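Structural features, examined
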Amino acid sequence: MANQQTIIGLDTPGCSWDPLFSAYYAQHRQEILPGEVDFWRSHCRPGDRVLEVGAGTGFIARAYAPLPRLELTLIEPEATNVAYLKRISTNPTTTLEIFPGIFQHFKQPQPFDLVVSSWDNLVMFTDDKGKDGFFSFAARSLRPGGRFVTHLSSEKWNKQVFLKLQKPKEFAVKIDDEEFQVTFLIEEAEKNLYHKMIVLRSLSRNLKKNYALPTRIDSLERTLERASAAGFVLLKRTSDISGTTHPIPMIMSLSFKSPNNQPPSPIRKYEHEQSGT
């Protein structure tokens, strides 16, 4: 039985998603949080040119696809994920283009009105160069006054989840009509650097795959510093978008504006809204 570990990361040399992991992720990530679709749509306006960086298997893109008069562009490097994106059906007045590569190689035809990205992309960069480059790319991709929207899990939520998942969690899933036993746990490699460990074992054939997802989580303050360095102005910070009554907020959403041809300024000089706790 194969037992080789596959590294899944955005700045790990040689890393790759294989078809099995992509199929697992697609099924797992389609479980969108209550209120999440409304959250992404609330930032979109008719006629917007929208760029999603790291579209994965399309859970954000599917929120936008039914809306009218949009120009959607998705950046996704993994071929198996691109196959899922090609299945997305859009409103007849909305166009969809997919760039099958990394964002560093993307050449934009003209600036975008809105750039979006899931927090999954931010945490999978494990070094400062990758994270800073991500924000710089988003800033360069926007027209003056354009918007950048992302979200991240709250620090309190992270601590609770990581403490809970230090012990393996096991559950069964069906992937392309095949039953798998999943073992999921989180190991702390160093401060703020974690390895999400996922083992998929087929219940019908001799197949076992091990995956490790390096994850480095910035504090909210560090995330805002990176955004400020890229020239962004914070428009709004919301402490929970899930619409749940969970006592610990799960998601912190961040909305930024690209200055109107102004030099970068520290975010702390700009007021922002905060709701929740």
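Keep in mind the model is a prediction, meaning the values are calculated, not measured. (Residues numbered from 1 in each chain as written. Predicted model: local features only at pLDDT ≥ 70, side-chain atom pairs only at ≥ 80, totals over all residues. Heavy atoms only, no water.)

Focus: the overall build of the protein chain
Cut-off, in case you're wondering: Put simply, DSSP H or I for four residues or longer makes a helix, DSSP E for two residues or longer makes a strand, and each gets a number counted from the N terminus. To sort residues, take the accessible area from a 1.4 Å probe on protein chains only and compare it with the maximum for the residue type: under 20% means buried, over 50% means exposed, and anything in between is partly exposed. Between two residues, a contact is recorded if the distance between any of their heavy atoms is within 4.5 Å. Per-residue accessibility takes into account occlusion by the displayed protein chains alone, with areas from the Shrake-Rupley method and a 1.4 Å probe.
Within the protein chain, the regular secondary structure consists of eight helices and 13 strands. Counting every position in the protein chain, which comprises 277 residues, the buried fraction comes to 52%. Across the protein chain, every contact between residues at least 6 apart in sequence was considered, and the portion connecting residues at least 24 apart equals 64%. For the protein chain, the accessible area works out to roughly 13,900 Å², and carbon and sulfur atoms hold 51% of it.

Quick word on helix 6 (residues 128–141)
Let me state the cut-off plainly: The span expected for a helix works out to 1.5 Å for each residue beyond the first.
With 14 residues, helix 6 ought to run about 20 Å at 1.5 Å a step, and its terminal C-alpha atoms sit 20 Å apart, in line with that. Those residues of helix 6 not exposed but buried are G130, K131, F134, F135, F137, A138, A139 and S141.

Let's talk about the nonpolar core
The condition is simple: As used here, the term nonpolar core means buried Ala, Val, Leu, Ile, Met, Phe, Trp, Tyr and Cys residues forming a set that is joined through side-chain atoms within 4.5 Å.
In terms of nonpolar packing, the biggest core is built from 51 residues, with F148, I198, L200 and F232 touching the most fellow members. Sequence-distant contacts of F148, that is, excluding residues within four places in its chain, are made with V115, F134, F135, A138, L142, F232, L254, S255 and F256. Counting 13 residues, the second-largest nonpolar core is a separate cluster that includes C44, F59, Y64 and V149.

A few points about the side chain of E76
Under the convention used in this document: We count Lys and Arg on the positive side and Asp and Glu on the negative side, and we leave His and both chain ends out. For this analysis, a salt bridge means a side-chain nitrogen from Lys or Arg found within 4 Å of a carboxyl oxygen belonging to Asp or Glu. Identification of polar contacts relies on pairs of N or O atoms within 3.5 Å, with a donor-acceptor requirement for protein atoms, meaning one able to donate a hydrogen and the other able to accept it, and with residues adjacent in sequence counted only if both atoms are side-chain atoms.
Within the secondary structure layout, E76 lies in the loop between strand 3 (71–75) and helix 4 (79–85). The side chain of E76 sits in the buried core without any salt bridge; R62 is the nearest counter-charge, 11 Å away. Polar contacts involving the side chain of E76 include one to the main-chain amide nitrogen of A55, which spans 3.4 Å. Engagement of the side chain of E76 in a polar contact is seen with the backbone nitrogen of E78, the distance being 3.1 Å.

Concerning the pattern of salt bridges
Where charged atoms of side chains with opposite charge meet at close range, the side chains can pair. Per the stated rule, a full pass over the model turns up nine salt bridges. The residue R226 makes a salt bridge to D128 at a minimum N-O spacing of 2.8 Å. One end of the pair, R226, is in helix 8 (residues 220–229); the other, D128, is in helix 6, with 98 residues separating them in the sequence. We classify R226 as buried; its relative accessible area is 4%. Of the charged contacts in the structure, one is a salt bridge between K174 and E179, with a shortest N-O distance of 3.8 Å. For E179, a relative accessible area of 36% puts it in the partly exposed group. One network of salt bridges, with partners in common, ties together D128, D132, D218 and R226.

Some points on the pairing of strand 10 (residues 208–216)
Worth spelling out the cut-off: Should DSSP find at least two bridges between two strands, the strands are taken to pair.
For strand 10, the buried fraction is high: eight of the nine residues fall into the buried class. Linking strand 9 (residues 193–202) to strand 10, which pair antiparallel, is a turn of five residues.

Side note on unusual backbone geometry
The backbone of R69 sits at a positive phi, close to 55°, despite the residue not being glycine. With respect to the helices and strands, R69 occurs in the loop between helix 3 (61–64) and strand 3. Not every positive phi belongs to a glycine, and D176 is a case in point at roughly 50°. Turning to its location among the elements, D176 is positioned in the loop between strand 7 (169–175) and strand 8 (178–190).

Quick word on the environment of F39
With respect to the secondary-structure elements, F39 resides in helix 2 (residues 36–42). When its relative accessible area of 8% is taken as the criterion, F39 is described as buried. Taking the C-alpha atoms as reference, F39 lies 9.0 Å from S253; in sequence the two are 214 residues apart.

Things to note about the side chain of N91
When you line up the elements, N91 lands in the loop between helix 4 and strand 4 (95–99). Taking relative accessible area as the criterion, N91 reaches 19% and is therefore assigned buried. A polar atom in the side chain of N91 sits 2.7 Å from the side chain of T93.

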